[in-house]
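# Coordinates in review
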Amino acid sequence: MLVLSPLHEAAGFVVVGLWLGYVGYRIEYHRLPLWLYVALIAKIFAAWFFGWLYASYYCHGDTLKAYLTASRLAYYLWEVPADGLALLFRELSPVWEAKGWRIFFQDIHLYGYDYEWSEPSSYFFYRLLLPLYLAGGGSYYGMQGLTAITGGLLSYAAYRRWAQLSLFPSHFWVVWFLLPSGLLWTSGALRDTFAVPLMLYGMAWIANVQSWRDLWGLLALLVLAALRLEALPLAVVGGMLYRWGNLWLLLAGAGAAVFALGLFIGPWAYAYRAEALLPAIHPDIAEASTFRLDYEPSFWGSLIGWLRALPYGLLGPFPWQIQKPLVWLYGIETWGMAGLGAYYAWRSTWGLRQILLILMGIFVIGVVAMAMPYWGTLARQKLYGIYFMALGLGMACEPLFKDRPDSLSES
């Protein structure tokens, strides 16, 4: 269990407040919209709640693992700089590689927490957190708050880039930043806090790159590949669908998706789901909120499995599947967003690009539901598909707001 010092954490809250004040000054200086400051504050509180949930309620989780890893990296950099450099940049030298793995096997606190230690799921992400750990004064909640600010600014960069391509509704930023599950899962110290906005930014770059000297999008895709490789093809395909979207591309993409689903994705999702439900790997599975999904890992079985999983991804959990209060909240959000989406879909004017993005999102959500048997994990991972659908729907609403001034210039 993580033991926190109240005095240390109080200092971390102060440091986050100072950083937020500086960001607020920069927002005003550059005449950015006031709602960005509101969104950043909401993300900070979501990150603190997220951190409390894992530290005090679950007493374990990737967030604690990330914090403890960042703290040990900082410790070695301060106490034994040679070892710290070897841990941070071990790929650059065989000697550093050997030293890094020696420290890994000797220090039980480096990549683990409480009773568990293992090879990191994303060591690159832990290295990215090190500057935020230091800037947060080394406090747990300080690092959470600065992670939220950084993720929020990345998300705004992606929003701004997409807003150059389409005139979104004036309140679209609420969906983009304040969708409850999105706010929770893309605010705390998880890879998705950075990976989701980087995917969206990379998509927008591919969709409208005018000069290859504009390297920000390429940098976003490279960092995304290091953080969450499976999101990279989503960014590339999504950007291509918007840039070169036509009927032939739709038909070719649909055929490729069916074959990929039947031959590769379906069997992988089946194996992933089976492993996630093993009591030996997840001893607390009896207390977890899960849902059953039966299908065969064959070609046709994978297609049937996707069709069966899709209702869970789009509309689940259904009331008879809910066992915990947090799952109730997730269900209410899902049903509310489905109703709101249906309302705007009815009022909107559709183009091929919007339809392509929404179909891409539906495909991703179905795949995620095939692989993820836990409602919480499903809520987090399906965000990659939800943002595809949100982009398509927001762009389809554009004719309703043709006479509205650009929301990016409003403050």
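Refer to the structure above for everything that follows.
Attention here is on the structure that accompanies the text. (Residues numbered from 1 in each chain as written. Predicted model: local features only at pLDDT ≥ 70, side-chain atom pairs only at ≥ 80, totals over all residues. Heavy atoms only, no water.)

### So, unusual backbone geometry
The linkage connecting Gly316 with the following residue, Pro317, adopts the cis geometry, with an omega of 5°. By the element assignment, Pro317 lies in the loop between helix H14 (299-315) and helix H15 (325-347). In the Ramachandran plot, Arg31 falls in the positive-phi region, its phi being about 55° despite a non-glycine side chain. Locating Arg31 in the fold gives a position in the loop between helix H1 (6-29) and helix H2 (34-58). (Helix = DSSP H or I, 4+ residues; strand = E, 2+ residues; numbered from the N terminus.)

### Quick look at the packing of H2 against helix H3 (residues 62-79)
Two numbers describe a pair of packed helices, the interaxial angle and the distance between the axes. It is the contact of H2 with H3, at a shortest axis distance of 8 Å, that shows an interaxial angle of 95°. Considered as vectors, H2 and H3 are oriented roughly perpendicular to each other. Contact with H2, carried on its side by Phe50, Tyr54 and Ala55, involves Asp62, Thr63 and Leu64 of H3 and no other residues of that element. Looking at the contact of H2 with H3, its residues break down into four nonpolar, one polar and one charged. (Axes fitted to C-alpha atoms, helices over the stretch in contact; angles between N-to-C directions. Parallel < 35°, antiparallel > 145°, perpendicular 65-115°, else oblique. Contact = heavy atoms within 4.5 Å. Nonpolar A, V, L, I, M, F, W, Y, C, P; charged D, E, K, R; others polar.)

### Notes on empty space enclosed by the protein
All told, the structure shown has one cavity of 30 Å³ or more when counted by the stated rule. Space inside the largest cavity adds up to approximately 70 Å³. As for the largest cavity, its lining consists of Lys43, Gly151, Ser155, Trp176, Phe177, Thr186, Thr193, Val196, Pro197 and Tyr387. Broken down by secondary-structure element, the contributors of at least two residues to the lining of the largest cavity are helix H7 (140-163), helix H8 (172-178) and helix H10 (191-208). Here the element with the most residues in the lining of the largest cavity is H10; it accounts for three residues. Considering only residue class, the lining of the largest cavity consists of five nonpolar, four polar and one charged. (1 Å grid on protein atoms, 1.4 Å probe; cavity = no way out; pocket = protein on both sides within 12 Å on 5 of 7 lines; lining within 4 Å. Points joined across faces, edges and corners; volume = space filled by probe spheres on them.)

### Things to note about the pattern of salt bridges
Inspection of every chain in the model, using the stated rule, returns eight salt bridges. Residue Asp107 is joined to Arg72 by a salt bridge in which the shortest nitrogen-to-oxygen separation is 2.9 Å. Of this pair, Asp107 sits in the loop between helix H5 (94-106) and strand E1 (112-113) while Arg72 sits in helix H3; the two residues are 35 residues apart in sequence, bridging distant segments of the chain. Using a relative accessible area of 7% as the deciding quantity, one classes Asp107 as buried. Here Asp192 makes a salt bridge to Arg380, at a shortest N to O gap of 2.9 Å. Of the two residues, Asp192 is situated in helix H10 and Arg380 in helix H17 (residues 375-381); the sequence distance between them amounts to 188 residues. Given the relative accessible area of 1%, Asp192 is considered buried. According to the relative accessible area criterion, Arg380 is buried, its value standing at 13%. One salt-bridge network, held together by shared partners, links Asp192, Arg228, Glu230 and Arg380. (Salt bridge = Lys/Arg side-chain N within 4 Å of Asp/Glu carboxyl O. Buried < 20%, exposed > 50% of the residue type's maximum accessible area, 1.4 Å probe, protein only.)

### Concerning helix H4 (residues 81-88)
All of the buried residues in H4 are Asp83, Gly84, Ala86, Leu87 and Leu88. For H4, the elements touching its buried residues are H3, H5 and helix H6 (123-135).

### A few points about the nonpolar core
Core analysis: the largest hydrophobic core is formed by 112 residues, its most contacted members being Trp162, Trp176, Met199, Leu200, Met203 and Leu391. Ranked by residue count, the leading element in this core is H10, at 12 residues. Filtering out sequence-adjacent residues up to four positions away, Leu391 remains in contact with Trp162, Phe168, Phe172, Trp176, Leu200, Met203 and Leu357. (Core = buried A, V, L, I, M, F, W, Y, C linked by side-chain atoms within 4.5 Å.)

### Describing a nonpolar patch on the surface
Among the surface-exposed residues, Phe49, Trp52, Tyr57, Tyr58, Leu326, Trp328, Leu329 and Ile332 lie close enough to one another that they form a single nonpolar patch of about 830 Å² accessible area. Following the sequence through the fold, Trp52 ends up in helix H2. (Patch = residues over 30% accessible without salt bridge, like charges linked within 9 Å, V, L, I, M, F, W, Y side chains within 5 Å. Areas by Shrake-Rupley, 256 points an atom, 1.4 Å probe, with all protein chains shown as cover.)

### Let's talk about the environment of Leu77
With respect to the helices, strands and loops of the structure, Leu77 is situated in helix H3. What makes Leu77 partly exposed here is its relative accessible area of 26%. In this structure, the C-alpha to C-alpha distance between Leu77 and Phe388, residues 311 residues apart in sequence, is 41 Å. If we ignore the near neighbours within four places in the chain, the residues touching Leu77 are Gly84, Leu85, Leu88 and Leu130.

### Some thoughts on the packing of helix H13 (residues 247-276) against helix H16 (residues 352-371)
Interaxial distance between H13 and H16 falls to 9 Å at its minimum, and their mutual angle equals 10°. Put simply, H13 runs roughly parallel to H16. Contacts from Leu247, Leu250, Ala257, Leu261, Ile265, Gly266, Trp268, Ala269, Tyr272 and Arg273 in H13 reach Leu352, Leu356, Leu359, Phe363, Val367, Ala369, Met370 and Ala371 in H16. Among the residues forming the contact of H13 with H16, the class breakdown is 16 nonpolar, one polar and one charged.

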